[in-house]
Amino acid sequence: MKLVKQFIEKDKSGYVTLIPEEFEDMWHVYNLIQKHDQLRAVTIRRIQSESSTGSVDSQRIRLTLTISVDNVDFDTQVGMLRINGRVIVENPHVKLGTFHTIDLEMNRSFTLIKPEWDIIALERVQEACDIAKKADVAAVICQEGLANVCLLTSSMTIIRQHIDCPVPRKRKGSVTNYEKGLKRFFEQIYQAILRHIDFEIVKCVILGSPGFVREQLYDYIFAEAVRTDNKTLMQNRSKFIMVHTSTGHKQALQEVMNDPAIKIKLADTKAAQEVQALDQFYEMMNMDPDRAFYGFKDVSKAAERGAIGTLLVTDELFRAADITKRRQYIALVESARASGAKVFVFSSLHVSGENLNQLTGVAAILTFPLPDLDDEEEVEEAVEDTGMDEDGMPPMHSNQNHEVFDAILG
């Protein structure tokens, strides 16, 4: 992403002008644009004009419009954003208040104006524009007849091609059909690798499968590379890593990222750090549950006590249409950082982010145990359900307390 201009006032209002340059940048833009933000961009609109004779002429013209954002749709297949909203700046061709949809595409500049640029949005702009933070990984997760060719960036997992090619079963006395089917299957994967993987960018290519499919695929890839004299593949042979997985579906990527060999190879990538943090949370849940909590209510209580060592939160929570809810999570992140905690903002397009979303989207590993946190919640629930306090008595007002003390003292 290219940052053309940025101007933020002291009250946090302001604008940025950006040019998305690659697919991942569109994901960052999707996370930046919120409902009621203002977007200014070049767009094309069909304009109808009526002549003095009554004939109607229609033509498509290019113009710059500013809209108040009402809805944002992201097409992950083509990497295009469709932003719908009302026109708020007068234009000779378009009336104020009319609806218009702006299509944002790569290599086209736009200006995003916000009433408040929070810390999460500013960090996303910084991350998207920092080339050093992009360490891409390719993965082919497969089993006989099924394969997913994926690209893993710091922010998302993109399935570039899904391959479904039936492989006949082995028969007694003849494996000819099986071998032909397997060769057809491997050839489709081989062509997908050539089409979708840029070896100048990727750090490594992971081949994951159950059984021996990955070894057979690896042998086929480099036999074909030798046969066709594909120097690019041969020069990047060291980037290929084979990993055992239980399945050929996308979910197996979590197993891949947990493999020690992969962790060493990807030690400096954001995705690997997120997976490691989530693993530590699961481990803490098993070993010391009083130091692992999830859900906004419990995590925010832990933050109030300065107990959070690592905060895990998904970017989906910062896209909430409810501004109050979004601000709660931003305040939680700022509070955790102020107390010295590490904060990981997981992408909901990563497998790790999907797993965290199943735990409400927010979790924390504490620096010290808080065994009374669960007890407090149980007491609060009991009071709400029964109208009794923790001693099983109806809750008293301050004047009732004075009456009890007077009775005790005589």
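All figures in this text were calculated on a predicted structure; none of them were measured in a lab.

What counts, and at which threshold
- Along each chain, numbering runs from 1 in the same order as the chain's sequence is written.
- Note on the predicted model: pLDDT of at least 70 is required for a residue's local features to be given, and 80 or more for side-chain atom pairs to be given and counted; whole-chain, interface and lining totals, by contrast, use all residues.
- Only heavy atoms go into the side-chain values, all of them from the structure, while hydrogens and water stay out.
- Helix numbers and strand numbers start at the N terminus; a helix is a DSSP run of H or I with at least 4 residues, a strand a run of E with at least 2.
- Whether two residues are in contact is decided by their heavy atoms, any of which lying within 4.5 Å being enough.
- Here the accessible surface of atoms and residues is derived via Shrake-Rupley with a 1.4 Å probe, and residues count as covered only by protein chains that are part of the display.
- Burial classification: accessible surface area is computed with a 1.4 Å probe over protein chains only, and a residue below 20% of its type maximum counts as buried, one above 50% as exposed, and the rest as partly exposed.
- Charge counting treats Lys and Arg as positive and Asp and Glu as negative, with His and both chain ends excluded.
- One speaks of a salt bridge when a side-chain nitrogen belonging to Lys or Arg is within 4 Å of a carboxyl oxygen belonging to Asp or Glu.
- One requirement defines pairing of two strands: DSSP has to find at least two bridges between them.
- With axes taken as lines fitted to C-alpha atoms, and helix axes fitted only over the stretch in contact, angles between N-to-C directions fall between 0 and 180 degrees.
- In protein, a polar contact requires one atom able to donate a hydrogen and another able to accept it; more generally it is a pair of N or O atoms within 3.5 Å, and residues adjacent in sequence count only if both atoms are side-chain atoms.
- Here is the rule for handedness: rotate from the far helix to the near one, and if that takes an anticlockwise turn smaller than a right angle the crossing is left-handed, while a clockwise turn gives right-handed.
- Ten residues, namely Ala, Val, Leu, Ile, Met, Phe, Trp, Tyr, Cys and Pro, are considered nonpolar, four, namely Asp, Glu, Lys and Arg, are considered charged, and the remaining ones, Gly among them, are considered polar.

Asker: Explain the overall build of the protein chain here, please?
Answerer: Within the protein chain, the secondary structure is distributed over 13 helices and 16 strands. Taking the intrachain contacts of the protein chain between residues at least 6 apart in sequence as the baseline, contacts between residues at least 24 apart amount to 65%. Of the roughly 22000 Å² of accessible surface on the protein chain, a fraction of 50% belongs to carbon and sulfur atoms.

Asker: Would you mind showing me how to read the side chain of Asn 230 here?
Answerer: Note that Asn 230 resides in the loop between helix H4 (213-227) and helix H5 (231-235). You can call Asn 230 buried: its relative accessible area is 18%. Every residue in contact with Asn 230, bar those within four places of it in the chain, is listed here: Tyr 190, Leu 194 and Ala 225.

Asker: Teacher, can you tell me more about the side chain of Lys 239 here?
Answerer: By secondary structure assignment, the location of Lys 239 is in the loop between H5 and strand S12 (240-244). Buried charge without a salt bridge: Lys 239, with Asp 198 as the nearest opposite-charge side chain at an N-O distance of 7.8 Å. Leave out the neighbours within four places in its chain, and Lys 239 touches Phe 199, Val 202, Lys 203, Cys 204 and Val 205.

Asker: What's the story with the environment of Ala 252 in this structure? I'm lost.
Answerer: By the element assignment, Ala 252 lies in the loop between S12 and helix H6 (253-258). For the pair Ala 252 and Ile 141, spaced 111 residues apart in sequence, the C-alpha to C-alpha distance is 7.2 Å. Sequence-distant contacts of Ala 252, defined by excluding residues within four places in its chain, comprise Ile 141, Thr 245 and Thr 247.

Asker: What is the right way to read the sheet that holds strand S11 (residues 205-209) from this model?
Answerer: Pairing between the strands of a sheet comes from backbone hydrogen bonds, and it takes one of two forms, parallel or antiparallel. Strand order in the open sheet formed by 5 strands is S10-S9-S8-S11-S12, and the pairing between neighbours is mixed. Looking at which strands have only one partner, the edges of the open sheet turn out to be strand S10 (157-164) and S12. With direction set aside, neighbouring strand axes in the sheet form an average angle of 20°. The sheet contact formed by strand S8 (residues 137-143) and strand S9 (residues 146-152) spans 7 bridges and is antiparallel.

Asker: Whenever I open this one, the environment of Asp 37 confuses me. Can you help?
Answerer: Take Asp 37: it is sitting in the loop between helix H1 (23-32) and strand S3 (38-50). The exposure class of Asp 37 is buried, given its relative accessible area of 5%. The contact partners of Asp 37, leaving out residues within four places of it in the chain, are Leu 32, Ile 67, Ser 68, Val 69, Leu 112, Ile 113, Lys 114 and Pro 115. There is a polar contact of 2.8 Å between the side chain of Asp 37 and the backbone nitrogen of Gln 34.

Asker: Could you clarify how one ought to interpret the sheet that holds strand S16 (residues 362-366) in this entry?
Answerer: Pairing is mixed in the open sheet, where 4 strands are placed in the order S13-S16-S14-S15. Every other strand in the sheet has two partners, leaving strand S13 (292-294) and strand S15 (342-346) as the edge strands with one partner each. Across the sheet, the mean angle from the axis of one strand to that of its neighbour is 15°, orientation sign disregarded. Lying on the sheet, helix H9 (residues 296-304) is in contact with S13, strand S14 (308-314) and S16; it crosses S16 at an angle near 35°. Across the face of the sheet, helix H10 (residues 323-338) comes into contact with S14, S15 and S16 while running at roughly 155° to S14.

Asker: Please clarify how the packing of H9 against H10 should be interpreted in this entry.
Answerer: When two helices pack together, their arrangement is given by the angle between their axes and by how far apart the axes lie. Taken N-terminus to C-terminus, the directions of H9 and H10 make an angle of 35°; their axes are 10 Å apart at the nearest point. Between H9 and H10 lies a crossing whose hand is left-handed. Residues Phe 296, Val 299, Ser 300 and Ala 303 of H9 pack against Gln 328, Tyr 329, Leu 332 and Ser 335 of H10. When its residues are assigned to classes, the contact of H9 with H10 shows 5 nonpolar, 3 polar and no charged.

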